[in-house]
Amino acid sequence: MKFKMLFLIVGLLLSVPGFAAANDSEPVDHEEKPCNCQEDNHRHMMHKDWQAMMAEREQKLLTWVDQYTPAKKGEWTKVLKEKKTLRNQWMSPENAAKREQWKKEKMAKMEELKKQLDEGKLTKEEFMEKAHSGKKMGHWKTFHELRLAVDKKDNKKAAVLLNQLLVQMKEHNQMLKDMLKK
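Residues numbered from 1 in each chain as written. Predicted model: local features only at pLDDT ≥ 70, side-chain atom pairs only at ≥ 80, totals over all residues. Heavy atoms only, no water.

**Q** I would appreciate a short explanation of the packing of helix α3 (residues 73-91) against helix α7 (residues 155-181) in the present structure.
**A** Between two packed helices, what matters for the description is the angle formed by their axes and the separation of those axes. Closest axis-to-axis distance for the α3/α7 pair is 10 Å, and the angle between their directions is 30°. By the criterion of interaxial angle, the relationship of α3 to α7 is roughly parallel. Two packed elements cross with a definite hand, and for α3 against α7 that hand is left-handed. Facing α3, whose interface residues are Glu75, Trp76, Val79, Leu80, Glu82, Lys83, Leu86, Arg87, Gln89 and Trp90, α7 presents Leu162, Leu165, Leu166, Met169, Lys170, Asn173, Leu176, Lys177, Met179 and Leu180. Among the residues forming the contact of α3 with α7, the class breakdown is twelve nonpolar, two polar and six charged. (Axes fitted to C-alpha atoms, helices over the stretch in contact; angles between N-to-C directions. Helix = DSSP H or I, 4+ residues; strand = E, 2+ residues; numbered from the N terminus. Parallel < 35°, antiparallel > 145°, perpendicular 65-115°, else oblique. Left-handed = near helix turned anticlockwise from the far one by under 90°. Contact = heavy atoms within 4.5 Å. Nonpolar A, V, L, I, M, F, W, Y, C, P; charged D, E, K, R; others polar.)

This is how it looks when you write it as structure tokens:
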């Protein structure tokens, strides 16, 4: 009996700090307040890591462009700069209403697709295809294939994939421009 009581007390002592830490955390709401990346607290660490990851990815791309398609360096630089500008415009407080409207439309579409799935009008595969069709995330797959081609030292394939990725980034920039015009 004493052993059980001791075990229970140790368990409680070990779990209380976890409850206190969970209760102390702030909910993350990126829409409420624009991110001030100069702040150095836990709320913005993931954001900083994401920015560092994207900067590293961009640097790799430019290195590969220099190596495999040097004639397109100027075009790449222009597209990457435009991408940053468009993303900053999209994420600015002035466009919060547009982002919210886009989010509502996206969620309504998802609810409709979920309803069709529940009613048996769509298979799970059809649901997934339709749910992700508007994302145009082919550039992530292309980047992965590019990385593999570079690792294998396949110069021809790397050049083809860089050109393909450039086209995809131009399309993405155009999509952002269209969303900003709405």
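**Q** Just to check I follow, could you spell out the pattern of salt bridges for this structure?
**A** With the rule as written, the count across this model stands at seven salt bridges. Ionic pairing is found between Glu82 and Lys177, a salt bridge with its closest N-O pair at 2.8 Å. Of the two residues, Glu82 sits in helix α3 while Lys177 sits in helix α7, which places them 95 residues apart along the sequence. Take Glu82: its relative accessible area is 25%, and that puts it in the partly exposed class. Taking the relative accessible area as the measure of exposure, Lys177 reaches 30% and is therefore partly exposed. The salt bridge involving Glu119 is made with Lys121; its shortest N-O contact spans 3.2 Å. Under the relative-accessibility criterion, Glu119 is labelled partly exposed at 45%. (Salt bridge = Lys/Arg side-chain N within 4 Å of Asp/Glu carboxyl O. Buried < 20%, exposed > 50% of the residue type's maximum accessible area, 1.4 Å probe, protein only.)

**Q** Help me out: how do you make sense of α7 in this one?
**A** Side chains of residues three or four places apart in an α-helix project in the same direction, reflecting 3.6 residues per turn. Helix length check: α7 (27 residues) gives 39 Å between terminal C-alpha atoms against 39 Å at 1.5 Å per residue, within 8%. Every buried residue of α7 is listed here: Ala158, Ala159, Leu161, Leu162, Leu165, Leu166, Gln168, Met169, Asn173, Leu176, Met179 and Leu180. (Expected span 1.5 Å × (residues − 1).)

**Q** Looking at this structure, how should I read the nonpolar core?
**A** One recurring pattern in soluble globular proteins: nonpolar side chains tend to sit buried together. One finds Leu61, Trp64, Tyr68, Trp76, Leu146 and Leu162 to be the most contacted residues of the largest nonpolar core, which totals 19 residues. Within the residue set of this core, elements represented by two or more residues are α2 (42-68), α3, α6 (138-151) and α7. Setting aside residues no more than four positions away along its own chain, Trp76 makes contact with Leu61, Leu62, Val65, Thr69, Leu162, Leu165, Leu166 and Met169. Of all hydrophobic cores here, the second largest spans five residues; its members include Trp90, Leu176, Met179 and Leu180. (Core = buried A, V, L, I, M, F, W, Y, C linked by side-chain atoms within 4.5 Å.)

**Q** Would you mind showing me how to read the environment of Met110 here?
**A** Inspection of the secondary structure assignment puts Met110 in helix α4 (residues 96-118). For the pair formed by Met110 and His132, sequence separation is 22 residues and the distance between their alpha carbons is 9.7 Å. In this view, Met110 contacts Phe127 and Ala131; residues no more than four positions away in its chain are not counted.

**Q** When you look at unusual backbone geometry in this model, what are you seeing that I'm missing?
**A** Excluding glycine, residues mostly carry a negative phi; peptide bonds, for their part, are mostly trans. If you check the backbone angles, Lys153 has positive phi at about 60° while not being a glycine. Within the secondary structure, Lys153 sits in the loop between α6 and α7.

**Q** How do you make sense of a nonpolar patch on the surface when you look at a structure like this?
**A** A cluster of nonpolar side chains, Trp50, Met53 and Trp140, forms an exposed patch at the surface whose accessible area comes to about 310 Å². Note that Trp50 resides in helix α2. (Patch = residues over 30% accessible without salt bridge, like charges linked within 9 Å, V, L, I, M, F, W, Y side chains within 5 Å. Areas by Shrake-Rupley, 256 points an atom, 1.4 Å probe, with all protein chains shown as cover.)

**Q** Sorry if this is basic, but what is going on with the packing of aromatic side chains here?
**A** To describe a pair of aromatic rings, you give the distance between the ring centres and the angle between the ring planes. Per the counting criterion, the structure on display carries two aromatic pairs. Ring geometry for Trp90 versus Trp102: centroids 6.3 Å apart, planes at 85°, classification edge-to-face. Note that Trp90 is positioned in helix α3 and Trp102 in helix α4, a separation of twelve residues in sequence. You can call Trp90 buried: its relative accessible area is 8%. Just above the ring of Phe143 sits the side chain of Arg57; from NZ or CZ to the centre is 4.1 Å. (Phe/Tyr/Trp six-rings, centres within 6.5 Å; stacked < 30°, edge-to-face > 60°. Lys NZ or Arg CZ within 6 Å of the ring centre and 35° of its normal.)

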